[in-house]
Every structure is written in C-alpha cells, then in structure tokens.
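Analysis of the macromolecular model
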Amino acid sequence: MTLPKTMRAVEISKPGGPEVLQLIEAPVPVPGPGQILIEVAYAGVNRPDALQRAGAYAPPPSASPLPGLEASGRVAALGPDVAGWKVGDAVCALLPGGGYAEYVVTPAAHALPVPAGMELREAACLPETCYTVWSNVFQRGGLKAGEVFLVHGGSSGIGTTAIQIASALGARVFTTAGSAEKCRVCEELGAEHAVNYREADFVEAVRAAGGADLILDMVGGDYIPRNVKALADDGRLVQIAFLSGPKVELNFAQVMTRRLTITGSTLRPQSDLAKARIAEDLRAHVWPLIEAGRVRVVMDSEYPLAEAAEAHRRIESSGHIGKIVLKVS
Ligand SMILES: NC(=O)c1ccc[n+]([C@@H]2O[C@H](COP(=O)([O-])OP(=O)(O)OC[C@H]3O[C@@H](n4cnc5c(N)ncnc54)[C@H](OP(=O)(O)O)[C@@H]3O)[C@@H](O)[C@H]2O)c1
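Residues numbered from 1 in each chain as written. Predicted model: local features only at pLDDT ≥ 70, side-chain atom pairs only at ≥ 80, totals over all residues. Heavy atoms only, no water.

In the contact formed by helix 3 (residues 127–140) and helix 4 (residues 157–168), the axes pass within 9 Å of each other and the chain directions differ by 55 degrees. On the basis of their axis angle, the class for helix 3 and helix 4 is oblique. In the packing of helix 3 onto helix 4, the handedness of the crossing is right-handed. In this structure, helix 3 contributes Thr-129, Cys-130, Thr-132, Val-133 and Phe-138 to the contact, and helix 4 contributes Gly-157, Ile-158, Thr-161, Ala-162, Ile-165 and Ala-166. Classifying every residue of the contact of helix 3 with helix 4 gives 7 nonpolar, 4 polar and no charged. (Axes fitted to C-alpha atoms, helices over the stretch in contact; angles between N-to-C directions. Helix = DSSP H or I, 4+ residues; strand = E, 2+ residues; numbered from the N terminus. Parallel < 35°, antiparallel > 145°, perpendicular 65-115°, else oblique. Left-handed = near helix turned anticlockwise from the far one by under 90°. Contact = heavy atoms within 4.5 Å. Nonpolar A, V, L, I, M, F, W, Y, C, P; charged D, E, K, R; others polar.)

If you want it as structure tokens, here you go:
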C-alpha cells in the first residue's frame, strides 16, 4: 500500500469552544516500534475530547496533540516488532490521541479486532468506553454477579456500555439519567431501575434494594455524600469524572464504620502495559458478549470529520443518548 505524505486532520487551534476545532493538512504519522498505523474510517467522540479542547485535559507528553481517543479502520502499516496484525486487518483501537485524522498510530497491543458482524462505524465507539468500564468496574471496582451496581449518567457512552456489560455478567443494575426517554433506553439495555434524577432521589431507590455494592460516578459534587449514603456496608465508590465539581464536604466516619472504599482512575495516563492488560481482558470477557449480541453500541449520531465542532456541540448539550462518531473516510 502506498501511503500519502499528508492527511486531513482536525486540530485544536487554541483552547476554547467548539469553534477552535479546525480542519488542517498534517503529516501522516510513522509507526514506531510496537506500533501500527491505522487508516481511520470512523473516530469516536468522547467527553474528554471536549475537556482537552477547552484546555482542561492535556494529552500526555508523548501523545499526538490532535484530539481523538478511539477509532476504527484498517491497518495501513506496521512498525518494527509488531506481531499479531497484518496490513489490511479491520481493527478498532484505543489511542493516546490523534483519532480525528485520516491516519493515526497506536501501540499494536491497544488494538482489538472488529467484532464479527459489527460495522466499522459501531466498532469505533467501543474502545474508550469498554476500556474505561472494564478497568473501573471490574478490575478496580471488583463487581461480581448478584451485586447491586449503580452507574450515574446511564445514557452516556460510558453509561450505556456499563449497564449492558454489568447486566450481561449478572449484576443488578441501577442508573440515573436526566429524562424519561433516557431512563426508558437505560431499562431496555438491562437496568433494573433507571431513576430520573430530576424527579426522584437515587439514594432512596438504591437503598430500597439493600444499597449499592459498587457505584461508578462521573458527576461528583453533591453526588459524593449521596453516593456514600447509597452504598451498602463494604461498598465501593469509583470516581471517573467530576461533571459537577471535585470539591465537597464529607463525613468520613461513614467510610470507617461501614468499611467503604473510595477510589477512582483516569485511563489516558496509564502505562502501555496496563492498557494492554485491559485489552486482553476485553478480548476474553467482553468481545464474546458483543459477538453474541448481548452488548451493542447505542449510536446517537454521525458527523463528517470537517464538522467535528458540531459533534462537540452535541456532546456538550447532553441531548444525546449513546455514542457520537466522526466519519473520516
Ligand atoms: N476516568 C476516565 O478514564 C474516563 C474515561 C472516559 C470518560 N470519562 C468521563 O466519563 C464521563 C462520561 O463520558 P462520555 O464520553 O460517556 O460522555 P457523555 O456521553 O457526554 O456523558 C455525560 C452524561 O452525564 C450526564 N450528566 C450528569 N450530570 C451532568 C452534569 N452536571 N453535567 C453534564 N452532564 C451530566 C449527562 O446526561 P443527563 O444529565 O441528561 O443524564 C451526559 O449525557 C465524562 O465525564 C468523561 O469525562 C472518564
């Protein structure tokens, strides 16, 4: 395959609103040792991309400054020391950055095959949410079959993925969302009870089921003390974002007397090895659920690469249900 020298890409011209996303010509990246070059078909759009655009989530020093944490497409070239992939393979991959472009490089160990029967459009939406959900809910949070699991933001990319994987693996799933329509979709995906948080109190709903063994939270703010109340004894709270802010007053006596665990993580700064281990787990435990039709991508909308700004307006409006993608080629 002959590769071009330059490609279309979207850059963050300066920190700011969606309008700072600009279409540019950029050099096609060259895969280094252990990396693959992907010709991107679709790129997933995630809330952290909007944070990066606003100047609140800097990429790690070695990552591309272009936005985009996940993509699907075909392997276009292999760097030195790559085993397991060949040029032309259909892949979806977690990226250190750079997904809003016609070509992107990533460690070969962070790519996964496109699940049998799935379109590239849907496959682009898998990596960021599956890696985040698996590492926080199962590796860090230790969710087991039969446990009560509460995930906030049930209609988000993360939420729709967490509801489906957790219920497929036997947990009782509770969730929160901001409208009756969002709650209906969450229950169709497998949630036992979706609480419209604008009308009802999630603490009461979850305590009526005996309390949550695990909570995955992206809201923070006043949800933090309410999450502590909603936890069962020995419960775990995993924090993955703070849409309502990270600071709060909390009585830690509850943590001690009820043996609670409060933890959290961000995916992007973790080591290549840690991400490769998550990929191995996903291939073993989650890809079979996708191929069996028990976990699917909930697709909200698709935009051309040149309209990345519109995609960011959509995700920041919170009007969406599920995932947003950019069509790149
Ligand atoms: N730690 C990590 O490694 C990691 C990785 C990926 C993503 N994340 C975080 O996980 C969250 C979900 O990501 P995503 O890409 O799935 O985003 P998303 O689809 O935009 O999800 C955010 C959802 O949260 C709900 N929400 C609840 N309270 C909110 C508030 N105060 N402000 C705005 N929205 C609020 C919104 O729905 P309703 O309010 O209508 O219910 C919205 O749809 C983001 O905060 C993201 O930064 C963390």
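This part is about the packing of aromatic side chains. Under the defined criterion, the tally for this structure stands at 2 aromatic pairs. Relative to Phe-138, the ring of Trp-134 has its centre 4.6 Å away and its plane inclined at 20 degrees; by these criteria the two rings are stacked. Placement of the pair is Trp-134 and Phe-138 together in helix 3, with a separation of 4 residues, close to one helical turn. Comparing Trp-134 with Phe-138 shows no difference in burial state: the two are buried. For the ring pair Phe-202 and Tyr-223, a centre distance of 5.1 Å and an interplane angle of 50 degrees mean the geometry is tilted. A residue pair is termed long-range when its members are at least 10 positions apart, and Phe-202 in helix 6 (residues 202–207) and Tyr-223 in helix 7 (residues 223–230) qualify at 21 residues. Note on Phe-202: relative accessible area 0%, which makes it buried. (Phe/Tyr/Trp six-rings, centres within 6.5 Å; stacked < 30°, edge-to-face > 60°. Buried < 20%, exposed > 50% of the residue type's maximum accessible area, 1.4 Å probe, protein only.)

Pairing is possible between side chains of opposite charge, provided their charged atoms come close. Scanning the entire structure with this criterion turns up 15 salt bridges. Note that Arg-236 is salt-bridged to Glu-147, the shortest N-O span being 2.9 Å. Residue Arg-236 is found in strand 12 (residues 231–239), and its partner Glu-147 is found in the loop between helix 3 and strand 8 (148–151); the two are separated by 89 residues along the sequence. The class of Arg-236 is buried, set by a relative accessible area of 14%. (Salt bridge = Lys/Arg side-chain N within 4 Å of Asp/Glu carboxyl O.)

Turning our eyes to something else, we now look at the packing of helix 3 against helix 9 (residues 272–291). Two elements in contact, helix 3 and helix 9, have axes whose closest approach is 10 Å; the angle formed by their N-to-C orientations is 90 degrees. Relative to helix 9, helix 3 is oriented roughly perpendicular. Contacts from Cys-130, Tyr-131, Trp-134, Ser-135 and Gln-139 of helix 3 reach helix 9 at Lys-275, Arg-277, Ile-278, Ala-279, Asp-281, Leu-282, His-285, Val-286 and Trp-287. By residue class, the composition of the contact of helix 3 with helix 9 is 8 nonpolar, 3 polar and 3 charged.

This part takes up helix 4. End to end, helix 4 covers 17 Å across 12 residues, agreeing with the expected 16 Å (1.5 Å per residue, within 8%). The element helix 4 is extensively covered by neighbouring structure, given that 11 of its 12 residues are classed as buried. Within helix 4, the full set of buried residues consists of Gly-157, Ile-158, Gly-159, Thr-160, Thr-161, Ala-162, Ile-163, Gln-164, Ile-165, Ala-166 and Ala-168. After helix 4 finishes, the residue Gly-170 shows a positive phi value of roughly 100 degrees. (Expected span 1.5 Å × (residues − 1).)

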